[in-house]
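Remarks on the overall topology
In case you want the letters, here they are:
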Number of protein chains: 2
Amino acid sequence: MNIYDIAKRSGFSIATVSRVLNGSPNVSPKTRGKILDVIRREDYTPNVFARGLGLNTMRMVGILCTDVSDTYYAKAVSLVENCLRQKGFDALLCCTGSGVDRKKKYLDVLLAKRVDAVLLIGSAFQEDTDNSHIASAAQQVPVMIINGLVELPNTYCVLCDEGTAAYENISLLCDMGCRRILYLYDVLTYSGCVKIEGYKKALTDWKITPDPLLMLRVPKSIEGAKAAVEKLLSNAVEFDAVMASEDLLAVGALKALTAREMRVPVIGFNNSVIAEACTPSLTSVDNRLETLCPTAVDLLVRLLSGEEIPKKVMVPAQLVERDTLHIAT
Amino acid sequence: MNIYDIAKRSGFSIATVSRVLNGSPNVSPKTRGKILDVIRREDYTPNVFARGLGLNTMRMVGILCTDVSDTYYAKAVSLVENCLRQKGFDALLCCTGSGVDRKKKYLDVLLAKRVDAVLLIGSAFQEDTDNSHIASAAQQVPVMIINGLVELPNTYCVLCDEGTAAYENISLLCDMGCRRILYLYDVLTYSGCVKIEGYKKALTDWKITPDPLLMLRVPKSIEGAKAAVEKLLSNAVEFDAVMASEDLLAVGALKALTAREMRVPVIGFNNSVIAEACTPSLTSVDNRLETLCPTAVDLLVRLLSGEEIPKKVMVPAQLVERDTLHIAT
């Protein structure tokens, strides 16, 4: 709501409302009282004295991520915060953890702060069955999702084509002669789903029937992934390459393989600092946060200035080759 | 400034100021005008309508860190944000990058938002010669520093005893028989200085003269540290153990050593995810963010409710032993 709405709802002119907000003495106490009643009733709470009139914006964008201690989300938050700051917006950060209830709650927290828009980091924000929390927020302010896909009114997405990246990784490994490719994943978010679909489609195109034993859901930790791959090896389940939905899982697999002196190609996703840190260094899909984040902020700012923007922008991923790709087998 | 200050400065009673802020018609236009003049002049900008009177707080704490994409800072921001949220405070995040000018600027940005307090993450916020930016912020709101030390009025510190940790690491390595211990560091922040002092003091106590060649400043990256250690090895500078001020640097050293099939004990600092990711896994000093962050938030909230709190709380660090400590040499 802005000064025009107050004028409309109170039945007075914009000039009169402006005089009240400015504290001008040239308004009758009765008129002033009526206008302030409307302001209170409609919960109009901008810093009118500081911000001038008609500009009902806090120039503040709410950023929601499930966990900023995750290296991938941290990088995105860092990039987004810097881009927003350059455009003159503040970033109000909420880390929600998982669970739809907490996501709902923190969206409400941000909306109560009268942020101009909400920016969701990662597809972990979506739920399989129920996106009403996002729909309901989008009724109040624009919602921009970075690397997730939600198709609802007033929601916008800037995402990386990870499905094609997964497809291309598998095609590359098949082309190198691999036939039994282990796929490790943790959660089936939107991003998780497109990756596994890309995996299956590539195998099918190579006339390989996907083996359910080779699609392994593991905990999101190095230790968890390592233990799961060790168990697979103990059970004599054979595989000749590994792709993982997250670098952490790929590093866990790498540790299990190294312990048995097994060497097969391994590809991770996210191109995080741990891909560089592990030995052998990890080949990983870069999902282009350096492009996604500035693009998302730029579009959002244009939207807030009244421009029309596309509902969805998708950029290609990029495979960063390191030691684990052409590994001696 | 609150309603009492407005009353005092305008010369009217609190009841009259309250009537103006509530939009009551029982105030003469002249009185109203004078009171609103004071409010504007003093830049009093709380959301009076929404928040009720006398409660001049946004319940918002500004968090400043140099770079939230750094895994250590990201973890601290995540912990602090969650603790603040639990206490009913919002977190306004600013990532400043380095350079005193940007730190000053973003402190001003936060203060202009009327945050209740400022929380600085890490000693990178301090400058060797000039802490006037912190002093000046602390004249307006309390400043809490997590893992840094600034001794100024209205500033408070919760920090980990990294100096003693460095001393104990070196003593442990000396006790294991090491005599030429390489120390890698990137910046001489407060945290950087106490670590190098601990290093020197332990050597002196073991009657070893610190060798300037073995105190090596390197870039803060795996590649940078790796290249520096490779150069040292090429120049035939001998060492029998490594301590690094940051896990990234330790991993770089580890990579240089592994490439030459050299095995010496390596100890990092920060106990980050990359300490677990690298092979062999890295022994690292945990500087107790899980304790520092809740303690800092708890103290800050108590301070804001009018309690007295200690100027400085220091907790001991904890060495997390992994493969690189008792490594076969």
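Residues numbered from 1 in each chain as written. Chains lettered and ligands numbered in written order. Predicted model: local features only at pLDDT ≥ 70, side-chain atom pairs only at ≥ 80, totals over all residues. Heavy atoms only, no water.

Residues and elements named next belong to chain A. That bond from T279 to P280 is cis: its omega, -5°, falls within 30 degrees of zero. Residue position: P280 is located in the loop between α12 (273–277) and β10 (283–286). Phi at N271 takes a positive value of approximately 45°, unusual for a residue other than glycine. Relative to the helices and strands, N271 is located in the loop between β9 (266–269) and α12. Residue classification places N271 among the buried positions, given a relative accessible area of 15%. (Helix = DSSP H or I, 4+ residues; strand = E, 2+ residues; numbered from the N terminus. Buried < 20%, exposed > 50% of the residue type's maximum accessible area, 1.4 Å probe, protein only.)

Residue and element names in this part refer to chain B. With 16 residues, helix α5 (residues 71–86) extends 23 Å from end C-alpha to end C-alpha; this agrees with the ideal 22 Å at 1.5 Å per step. By the burial criterion, the buried members of α5 are Y72, Y73, A74, A76, V77, S78, V80, E81, C83, L84 and R85. Of the residues flanking the start of α5, the one acting as N-cap is D70, its side-chain oxygen 2.8 Å from the backbone nitrogen of Y72. Following α5 by one or two positions, G88 has its phi on the positive side, about 85°. (Expected span 1.5 Å × (residues − 1). Polar contact = N/O pair within 3.5 Å; in protein donor to acceptor, adjacent residues only side chain to side chain.)

On to helix α10 (residues 222–234) of chain A. In this model α10(A) runs 18 Å from its N-terminal to its C-terminal C-alpha over 13 residues, within 8% of the 18 Å that 1.5 Å per residue would give. Taken residue by residue, α10(A) has I222(A), G224(A), A225(A), V229(A), L232(A) and L233(A) as its buried positions. Among the structural elements, β6 (181–185), β7 (215–217) and α11 (247–259) of chain A together with α12 (273–277) of chain B are those in contact with the buried residues of α10(A). Immediately downstream of α10(A), the backbone of A236(A) shows phi near 60°, a positive value. (Contact = heavy atoms within 4.5 Å.)

Another point: the domain arrangement of chain A. Parsing chain A into structural domains produces domain 1 (3–41), domain 2 (60–159 + 289–315) and domain 3 (162–287). Placing a centre on the C-alpha atoms of domain 1 of chain A and another on those of domain 2 of chain A gives a separation of 35 Å. (Domains from an automatic or database assignment.)

With that settled, consider the pattern of salt bridges. Summed over all chains, the structure comprises 20 salt bridges over all chains. As a salt-bridge pair, E290(B) and K75(B) come within 3.2 Å of each other at their nearest N and O atoms. Within this pair, whereas E290(B) is found in helix α13 (residues 289–304), its partner K75(B) is found in helix α5, the two being separated by 215 residues in sequence. Taking relative accessible area as the criterion, E290(B) reaches 46% and is therefore assigned partly exposed. What emerges from the salt-bridge pattern is a single network uniting K87(A), D298(A), R302(A) and E307(A). (Salt bridge = Lys/Arg side-chain N within 4 Å of Asp/Glu carboxyl O.)

Our next topic: the packing of aromatic side chains. Two measures describe an aromatic ring pair: the distance that separates the ring centres and the angle between the ring planes. All names here are of chain A. Summed over the entire model, instances satisfying the criterion amount to six aromatic pairs over all chains. For the pair Y183 and Y185, a centre-to-centre distance of 5.8 Å together with 15° between the ring planes defines the contact as stacked. Assessed through its relative accessible area of 0%, Y183 is described here as buried. Judged by relative accessible area, which is 10%, Y185 ranks as buried. Each member of the aromatic cluster is reached from another via a ring pair, and the members are Y183, Y185 and Y199. The ring of Y156 has K311 sitting right over it, with the charged end atom 5.3 Å from the ring centre. (Phe/Tyr/Trp six-rings, centres within 6.5 Å; stacked < 30°, edge-to-face > 60°. Lys NZ or Arg CZ within 6 Å of the ring centre and 35° of its normal.)

We now examine the sheet that holds strand β8 (residues 241–244) of chain A. Backbone hydrogen bonds are what pair the strands of a sheet, in a parallel or an antiparallel way. Residue and element names in this part refer to chain A. Read from one edge of the open sheet, six strands run β7-β6-β8-β9-β10-β12, paired in mixed fashion. The two strands at the open ends of the sheet, each matched to only one other strand, are β7 and β12 (318–320). The sheet shows a mean angle of 20° between the axes of neighbouring strands, taken without regard to direction. The pairing of β6 with β7 spans three bridges and is classified as parallel. (Pairing = 2+ DSSP bridges. Axes fitted to C-alpha atoms, helices over the stretch in contact; angles between N-to-C directions.)

This part is about the packing of helix α8 (residues 162–175) of chain A against helix α9 (residues 190–205) of chain A. The geometry of a pair of packed helices is captured by two quantities: the angle between their axes and the separation between those axes. All names here are of chain A. Taken N-terminus to C-terminus, the directions of α8 and α9 make an angle of 35°; their axes are 7 Å apart at the nearest point. In this structure, α8 crosses over α9, and the sense of that crossing is right-handed. Of the residues in α9, those touching α8 at E162, G163, A166, Y167, I170, S171 and C174 are S191, V194, K195, G198, Y199, K201, A202, L203 and D205. (Left-handed = near helix turned anticlockwise from the far one by under 90°.)

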